Amino acid sequence: MTAAPEYPQPPSPAFLFDLDGTLIDSVYQHVIAWRTALARLDIDLSVWRIHRRIGMSGGLFVSALLRETGRTLSGDDIAMLQIWHSEEYLAQADSVRPLPGAVALLATLTEQKIPWAIATSGYHVTAVRALAMLGLPPDAPLVTRDMVAHAKPDPDLFLGAAALLGVDSRHAFVVGDSVWDLLAARRAGAIGVGLLSGGYGREELERAGAYRVYADPADLLARADEVGVRLGPPRAGGS
């Protein structure tokens, strides 16, 4: 019998999650918050146009929308838009809920000692509110816009989240709901997994580089074997 070759053991997979539209059902609250903020400067945009840009960094988001309207704004106006957006989003924050399966997915990965982190284009002041609703402690691994040089579609957030876990992003799955998440994943060298829970279609996510597309976190958890995750039996007393 031929001896088995020696080879370096691959690291266990790590998961880097987007937040809005991926773990929490907050995309449309962000859309309305942006629309209200823009209206303060007499910029009237349909919600579908705003939705198409959700997931980008705030600066790129505003620049893209202004290009569509033909408007120009000062740096101070753009900074105020982002502040107003945060205020308007926080005013609706009580209506935000975890997406189906999000709590169970994170709890299962934790129980199975599979590393994971959250990487969001949102700022810490808004993102941190999601931790409690996801059943997470305040020190859960979280990388926000104010911790990196650039947000999505740049790869910084996912590179930062991988560094926080002490893993190479090339050995990670990035789970997101938008084409911007998947573009950032590709630039980070990670494998992209798409979720339909943010409003993008399956074909859009696949064209952007998603290896697999699932309905929501519950669907991903139910079919975790498709991304090579070997989930052992839960501990005694676990659910």
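On a predicted model such as this, the values are computed, not experimentally measured, just so you know.

(A) Focus on the pattern of salt bridges. Evaluation of the coordinates by the stated rule reveals ten salt bridges. Between Arg207 and Glu203 there is a salt bridge, with the nearest N and O atoms lying 4.0 Å from each other. In this pair, Arg207 and Glu203 are both assigned in helix 10 (residues 202–207), four residues apart and thus about one turn of the helix distant. Glu226 is paired through a salt bridge with Arg223; the nearest N and O atoms lie 3.7 Å apart. Each of Asp18, Lys152 and Asp181 takes part in one network of salt bridges that share partners.

(B) Highlighting the pairing of strand 5 (residues 191–195). The element strand 5 is extensively covered by neighbouring structure, given that four of its five residues are classed as buried. Alignment of strand 5 against strand 6 (residues 210–214), held across four bridges, turns out to be parallel. The residue of strand 6 that forms the bridge with Val193 is Arg212. Of the crossover connections in this fold, the one passing from strand 5 over helix 10 to the parallel strand 6 is right-handed.

(C) Molecular detail of the sheet that holds strand 5. Spatial strand order, 3-2-1-4-5-6: six strands in an open sheet with parallel pairing. Where the open sheet ends on each side, the last strands, each with one partner, are strand 3 (142–143) and strand 6. Where strand 1 (residues 14–17) and strand 2 (residues 116–119) come together, three bridges link them in parallel fashion. Across the sheet, Phe15 pairs through a bridge with Trp116, a residue of strand 2. Contacting strand 1 and strand 2, helix 5 (residues 102–111) runs over the sheet at an angle of about 150 degrees to strand 1. In the packing of helix 9 (residues 179–188) onto the sheet, the strands contacted are strand 4 (172–176), strand 5 and strand 6, and the crossing angle to strand 5 comes to about 170 degrees.

(D) Representation of the environment of Gly194. Relative to the elements of secondary structure, Gly194 occurs in strand 5. Its relative accessible area of 0% is what places Gly194 among the buried residues. Separated by 15 residues in the primary sequence, Gly194 and Gly209 place their C-alpha atoms 8.7 Å from one another. The residues contacting Gly194, other than those within four sequence positions of it, are Gly176, Leu182, Leu205, Ala210, Arg212, Val213 and Tyr214.

(E) Spotlight on the nonpolar core. Among the nonpolar cores identified, the biggest contains 31 residues, and Phe15, Phe17, Trp116, Ile118 and Leu134 are the most heavily contacted of them. Mapped onto this core, the elements with two or more residues apiece are strand 1, helix 5, strand 2, helix 7 (129–133), strand 4 and strand 5. Among the elements that line this core, the one with the most residues is helix 5, at four residues. Leave out the neighbours within four places in its chain, and Ile118 touches Phe17, Leu19, Leu23, Leu131, Leu134, Leu136, Pro141, Leu142 and Val143.

(F) Representation of the packing of aromatic side chains in the model. Applying the stated rule across the entire model yields two aromatic pairs. Between Phe15 and Phe17, the ring centres sit 5.9 Å apart and the planes meet at 15 degrees, which makes this aromatic pair stacked. Feature note: the residues Phe15, Phe17 and Phe173 constitute an aromatic cluster, connected by ring pairs. In this structure, Arg212 packs its charged tip against the face of Tyr211, placed 4.5 Å from the ring centre.

(G) Representation of the side chain of Glu88 within the structure. Structurally, Glu88 is set in helix 4 (residues 75–92). Aside from chain neighbours lying at most four places away, what touches Glu88 is Ala33, Thr36 and Arg40.

(H) Quick look at the packing of helix 1 (residues 27–39) against helix 4. Two numbers describe how helix 1 lies on helix 4: the axes approach to 8 Å, and their chain directions differ by 135 degrees. Here helix 1 lies oblique to helix 4, going by the angle between them. Handedness of the crossing formed by helix 1 with helix 4: right-handed. Side by side, helix 1 and helix 4 meet where Gln29, His30, Ile32, Ala33, Trp34, Thr36, Ala37 and Leu38 of the first sit next to Leu81, Gln82, Trp84, His85, Glu88, Tyr89 and Gln92 of the second. Its residues assigned to classes, the contact of helix 1 with helix 4 shows eight nonpolar, six polar and one charged.

Each value, and the rule that gives it
Residues numbered from 1 in each chain as written. Predicted model: local features only at pLDDT ≥ 70, side-chain atom pairs only at ≥ 80, totals over all residues. Heavy atoms only, no water. Salt bridge = Lys/Arg side-chain N within 4 Å of Asp/Glu carboxyl O. Helix = DSSP H or I, 4+ residues; strand = E, 2+ residues; numbered from the N terminus. Buried < 20%, exposed > 50% of the residue type's maximum accessible area, 1.4 Å probe, protein only. Pairing = 2+ DSSP bridges. Right-handed = clockwise from strand over helix to strand, strands pointing away. Contact = heavy atoms within 4.5 Å. Axes fitted to C-alpha atoms, helices over the stretch in contact; angles between N-to-C directions. Core = buried A, V, L, I, M, F, W, Y, C linked by side-chain atoms within 4.5 Å. Phe/Tyr/Trp six-rings, centres within 6.5 Å; stacked < 30°, edge-to-face > 60°. Lys NZ or Arg CZ within 6 Å of the ring centre and 35° of its normal. Parallel < 35°, antiparallel > 145°, perpendicular 65-115°, else oblique. Left-handed = near helix turned anticlockwise from the far one by under 90°. Nonpolar A, V, L, I, M, F, W, Y, C, P; charged D, E, K, R; others polar.

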